[in-house]
Amino acid sequence: MTRLKTLTLAVAAAALAATSLTAQAREFRLGLITPPQHLWSTEAEAFAQSLHERSDGEHSVSVYPAQQLGNEAQMVQQLQTGALDMAFLTIAEISNRIPDFGALYAPYLVDGVDHAAALLRSDTAAELFELMPAEVGLVGLGYGMVGMRQVLSRSPIESQADMRGQRLRITPFEPIRDFYTATGAAPAPMPLLEVYDALANGQVDAIDMDFDSILILKFYEQANNLLISNHMMFPMVGVVSGRVWRELSAEDRELIETTMAEHLENVLAGFQAMDAAQEEEIRQLDLNIVEADAEFFSEAIAEWEATWAEKAPMLEALREEAERLRQ
Ligand code: BEZ
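Please read all numbers here as calculations on a predicted model, not as lab measurements. (Residues numbered from 1 in each chain as written. Predicted model: local features only at pLDDT ≥ 70, side-chain atom pairs only at ≥ 80, totals over all residues. Heavy atoms only, no water.)

Participant: Describe the nonpolar core, naming the residues involved and giving the relevant values.
Facilitator: Among the nonpolar cores identified, the biggest contains 93 residues, and L89, F101 and I256 are the most heavily contacted of them. Per-element accounting of this core gives the leading share, 7 residues, to helix 12 (residues 250-284). Setting aside its immediate chain neighbours within four residues, F101 contacts I91, I94, S95, L128, F129, M132 and Y143. The next biggest cluster of nonpolar side chains, apart from the first, holds 20 residues, and it includes L152, V195, I207 and A223. (Core = buried A, V, L, I, M, F, W, Y, C linked by side-chain atoms within 4.5 Å. Buried < 20%, exposed > 50% of the residue type's maximum accessible area, 1.4 Å probe, protein only. Helix = DSSP H or I, 4+ residues; strand = E, 2+ residues; numbered from the N terminus. Contact = heavy atoms within 4.5 Å.)

Structure follows, in structure tokens:
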């Protein structure tokens, strides 16, 4: 090879390397299942705005709330093929595919929203993200959450025995299905936006839900018994398609990662800030309220643990971390 040809190739290779390091303008799409007024959706819009500004107008993000792009199982498939770029997902569908994530739903793993947020900010919880690229082809950039889970029902629930045979709406995922099956209830998996009608037409007797959704989607209009149980936390994860991630420059990855993490942190802090006032607002409604703790569900918890301690080995490390955070 002549010296000139060698030099030309070297210049071309350097130019190619420089191009791949340069940020390229992208129009991203981000999907989620919550309605537009939900904090996840408003923070997704705020993330879109921040990314647009911080990339000096190079990148834009169109946000599709309220399951416009399909349910979470469908969105995960779109993320895997690269048809969808980003999503804010409950851990539900992820835990169906990576059982270790099910550990985050261990009953009474945390004491309330502050403890939940602290655990989700820990390095131990972040370790779970390492499983995502290989197992589902997604890159997890941080956690958000909603408030703790409660049970809203048409007839009163005063003991675990009252749950027997109740058709109880759950978000579609295995750890929660196993928990309610162990209580004697009949779990009915159903997406969030179908719950109001299902309660109204008697398709379900009770629902597993958080304070915020009970208020913003007005579920209290259709069922007036509330078991304040705080039995599980309900994390969310901000993800980017692994295929899309691989196409991005290091500079763009860094920008997306820091910007998304900031808005996910706003979600965690937002639910921490709203929780007490939402509980108070709910207590002011005309509901029959019963309180429950781990003792109330002791038999169901023992059954759940027997299955999930084995299925989700991360449970032990998360429990230790949760215990450290209590001190
Ligand atoms: C639910 O399925 O209950 C749910 C999903 C996302 C946000 C809040 C609640």
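Further notes follow.
Participant: Describe the layout of surface pockets, with residues and values.
Facilitator: Of the pockets and cavities examined, the largest pocket occupies roughly 310 Å³. Taken together, 23 residues make up the lining of the largest pocket; nearest its centre are I33, E72, T171, P172 and L192. At the level of secondary structure, the elements contributing two or more residues to the lining of the largest pocket comprise helix 3 (72-81), helix 4 (91-97) and strand 8 (206-210). In terms of residue class, the lining of the largest pocket is built from 11 nonpolar, 7 polar and 5 charged. Here the second largest pocket is characterised by a volume of approximately 190 Å³. In terms of lining, the second largest pocket is formed by 13 residues, of which the most central are L120, L141, G142, Y143 and A261. (1 Å grid on protein atoms, 1.4 Å probe; cavity = no way out; pocket = protein on both sides within 12 Å on 5 of 7 lines; lining within 4 Å. Points joined across faces, edges and corners; volume = space filled by probe spheres on them. Nonpolar A, V, L, I, M, F, W, Y, C, P; charged D, E, K, R; others polar.)

Participant: Summarise the packing of aromatic side chains; cite the residues concerned and give the values.
Facilitator: How two aromatic rings sit relative to each other is given by the distance of their centres and the angle of their planes. The tally for this structure, following the rule as stated, stands at 8 aromatic pairs. With a centroid separation of 6.2 Å and 55° between ring planes, the pair formed by F173 and F234 is classed as tilted. Of this pair, F173 sits in the loop between strand 6 (167-170) and helix 8 (174-183) while F234 is found in strand 10 (residues 234-241), placing the two residues 61 residues apart along the sequence. In this structure F173 comes out as buried when scored by relative accessible area, which is 3%. Judged by relative accessible area, which is 5%, F234 ranks as buried. Sitting above the plane of the Y64 ring, R29 keeps its charged end 5.4 Å from the centroid. For R149, the ring lying beneath its charged end belongs to F234, and the centroid distance is 3.9 Å. (Phe/Tyr/Trp six-rings, centres within 6.5 Å; stacked < 30°, edge-to-face > 60°. Lys NZ or Arg CZ within 6 Å of the ring centre and 35° of its normal.)

Participant: An account of the pairing of strand 6 is requested, with residue identities and associated values reported.
Facilitator: Residues in a regular strand project their side chains so that they alternate between the two faces of the sheet. Pairing between strand 6 and strand 7 (residues 186-189): 4 bridges, direction parallel. In the sheet register, I170 faces strand 7, and the bridge partner there is P189. Assessed by its sense of winding, the connection that carries the chain from strand 6 through helix 8 to strand 7 is right-handed. Taken together, the 2 bridges between strand 6 and strand 8 define a ladder with parallel strand orientation. (Pairing = 2+ DSSP bridges. Right-handed = clockwise from strand over helix to strand, strands pointing away.)

Participant: Give me the lowdown on empty space enclosed by the protein, citing residues and values where you can.
Facilitator: Considering all chains together, one arrives at 1 cavity of 30 Å³ or more under this definition. Estimated volume of the largest cavity: approximately 40 Å³. Contributing to the lining of the largest cavity are G147, D210, F211, D212, F271, D275 and Q278. For the lining of the largest cavity, the elements supplying multiple residues, two or more each, are helix 10 (211-216) and helix 12.

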